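# Breakdown of the fold
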Amino acid sequence: MLVSDFNFHLPEELIAQQGLPSRDASRMLHLDRTTGAYRDRMFQDLPDLLRPTDVLVFNNSRVFPARLYGRRKGIRSQTPSPHNPASRDFLHGTIEVLLTRQISSGPNDWECLVRPGRKIGVGELLFFGDNNELQAEVLTRGAFGERLIRFTPNDQSQDFFAILDRIGHIPLPPYIGRPDSTADRERYQTVYARQRGSIAAPTAGLHFTPEILSRIRSRGIQTAEITLHVGLGTFQPVRVERVEEHKLHSEAYSISGEAAAAINRALETRGRIVAVGTTTVRTLEYAVRQGMGRVAPGSGAAGLFIYPGYEFRAVGAMLTNFHLPQSTLLMLVCGFAGRENVLRAYAHAVSGRYRFYSYGDCMFIE
């Protein structure tokens, strides 16, 4: 299967640059994956489309200010030498660091993406904040250019995440062609976000409001929350020609005993599990495969790559935004609803001027 099979044309002006003033005012394309029929709706219709026996599952991961802008220092030398300019005490070169995954080797060790990638070498020191309140050392370089970086607060009494909250930036996707704003700290976050750890929002959840959640629960529809911290596995580009050759980065997940019990009851009674977002889909499908047909509570790392031909064992319906061409997220949706059905629905969304990507409109697929 070729990656190019998942391409489609999208006019640039349809890429949403801002969230709507009201989260639940988005349009929603309703797709029947059995027949391929679709219908234009509004997201506010979603509560009426759910069944009383459904379990609606959310990803409650919270985005943190994971993008840092700082300055470079030269390669750290054990023995300063006048013949080694990199050892001199000077700062130079603005750099950008995106924290993607916390590593267990140290309390503030992170896998990161860096720009400019070619210039930032192992051993280099980086400084962040007006008063250099956070410094970092590049420890290793990964296969795709990512770095393992160790961060150290200048003031050891300062909490690392408190510093990030002050000097970090919300990591808006690159197709949003503007700097992040104060408003993005609230808007690029679901209303039910609780567990800090994502570098991108689980965007299907951005449409929900407390009022919509209240309507859903008033109909007796059960909800459950799991956690998957969005990292490289969600948005990494596909660098191969054949889909089957792509390897997905794993991402940390956690499922509580309460959530697992609700999901397993639905599996046992043939109730429908409705996943909010592709991250929820991947977590549930990974967990049910690991549990031999049941979802076990606990934590781990999910690296399941879903594309057409995959047999879904947990999810019966999903809410999702519109995704990038040739992305693993689009492949997952095509795996769930059929490539022809999805691309035909996408063509309709383009002609109907739907808003695309993170701050855009959504699809409900059942």
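The rules we used
- Residues numbered from 1 in each chain as written.
- Predicted model: local features only at pLDDT ≥ 70, side-chain atom pairs only at ≥ 80, totals over all residues.
- Heavy atoms only, no water.
- Disulfide = S-S within 2.5 Å.
- Axes fitted to C-alpha atoms, helices over the stretch in contact; angles between N-to-C directions.
- Helix = DSSP H or I, 4+ residues; strand = E, 2+ residues; numbered from the N terminus.
- Contact = heavy atoms within 4.5 Å.
- Nonpolar A, V, L, I, M, F, W, Y, C, P; charged D, E, K, R; others polar.
- Buried < 20%, exposed > 50% of the residue type's maximum accessible area, 1.4 Å probe, protein only.
- Phe/Tyr/Trp six-rings, centres within 6.5 Å; stacked < 30°, edge-to-face > 60°.
- Lys NZ or Arg CZ within 6 Å of the ring centre and 35° of its normal.
- Pairing = 2+ DSSP bridges.
- 1 Å grid on protein atoms, 1.4 Å probe; cavity = no way out; pocket = protein on both sides within 12 Å on 5 of 7 lines; lining within 4 Å.
- Points joined across faces, edges and corners; volume = space filled by probe spheres on them.
- Parallel < 35°, antiparallel > 145°, perpendicular 65-115°, else oblique.
- Left-handed = near helix turned anticlockwise from the far one by under 90°.

## Focus on the state of the cysteines
A full pass over the atoms with the stated rule returns zero disulfides. Looking at Cys 362, it has no disulfide partner, and the nearest cysteine sulfur is the one in Cys 334, 17 Å off.

## Comments concerning the packing of helix α8 (residues 328–337) against helix α9 (residues 339–351)
Two numbers describe how α8 lies on α9: the axes approach to 7 Å, and their chain directions differ by 120°. Residue-level contacts link Leu 330, Val 333, Cys 334 and Ala 337 of α8 to Arg 339, Asn 341, Val 342 and Tyr 346 of α9. Of the residues assigned to the contact of α8 with α9, the class counts are six nonpolar, one polar and one charged.

## Description of α8
Here α8 lies mainly inside the structure; 10 of its 10 residues are buried. Considering only its buried residues, α8 is in contact with β1 (27–31), α5 (232–235), α7 (278–290), β16 (315–321), α9 and β17 (362–365).

## Considerations on the packing of aromatic side chains
Scanning the model with the defined rule gives 24 aromatic pairs in all. Arranged with centres 5.9 Å apart and planes meeting at 80°, the rings of Tyr 346 and Phe 356 form a pair that is edge-to-face. Separated by 10 residues along the polypeptide, Tyr 346 in helix α9 and Phe 356 in the loop between α9 and β17 bring together distant segments of the chain. The same class applies to Tyr 346 and to Phe 356, which are both buried. Taken together through their ring pairs, the aromatic side chains of Phe 8, Tyr 175, Phe 322, Tyr 346, Tyr 354, Phe 356 and Tyr 357 make up a single cluster. One Lys or Arg, Arg 33, reaches over the ring of Phe 336 and ends 4.0 Å from the middle of that ring. Positioned over the ring face of Phe 161 is Arg 196, at 3.6 Å from the centre of the ring.

## With respect to the sheet that holds strand β15 (residues 298–302)
Strand order across the open sheet formed by nine strands is β2-β1-β17-β16-β14-β3-β12-β13-β15, with mixed pairing between neighbours. Among the strands making up the open sheet, the edge pair consists of β2 (38–42) and β15. Within the sheet, the average angular offset between the axes of one strand and its neighbour, ignoring direction, is 25°. Sheet topology places β1 next to β2; five bridges connect them, and they run antiparallel. Paired with Arg 27 across the two strands is Met 42, which belongs to β2. Its contacts with the sheet place helix α6 (residues 257–269) against β3 (55–59), β12 (222–228), β13 (251–255) and β14 (273–276), and it is angled at close to 125° to β12.

## Some points on unusual backbone geometry
Across the junction of Arg 115 and Pro 116, the peptide omega takes the value 0°, indicating a cis bond. Here Pro 116 shows up in the loop between β7 (109–115) and β8 (124–128). Despite not being glycine, Asn 132 has its phi angle at roughly 50°, a positive value. At Arg 270, a position not held by glycine, the phi torsion is positive, near 65°. On the secondary structure map, Arg 270 appears in the loop between α6 and β14. Note on Arg 270: relative accessible area 79%, which makes it exposed.

## Some thoughts on the layout of surface pockets
The calculated volume of the second largest pocket comes to roughly 290 Å³. What lines the second largest pocket is a set of 18 residues, and nearest its centre among them are Arg 101, Gln 102, Gly 197, His 229 and Ala 252. Every element with two or more residues in the lining of the second largest pocket is listed here: β6 (91–103), β7, β11 (195–198), α5 and β13. In terms of residue count, the dominant contributor to the lining of the second largest pocket is β6 (three residues). Looking at the lining of the second largest pocket residue by residue, the class counts come to six nonpolar, eight polar and four charged.

## Some details on the packing of α7 against α8
One can describe the packing of α7 onto α8 by two numbers: an axis separation of 10 Å at closest approach and a directional angle of 65°. By the angle class used here, α7 and α8 are roughly perpendicular. Handedness of the α7/α8 crossing: left-handed. Between α7 and α8, the residues in contact are Thr 278, Val 281 and Arg 282 and Leu 329, Leu 332 and Val 333, respectively.

All quantities given are derived from atomic positions and should not be read as evidence of function.
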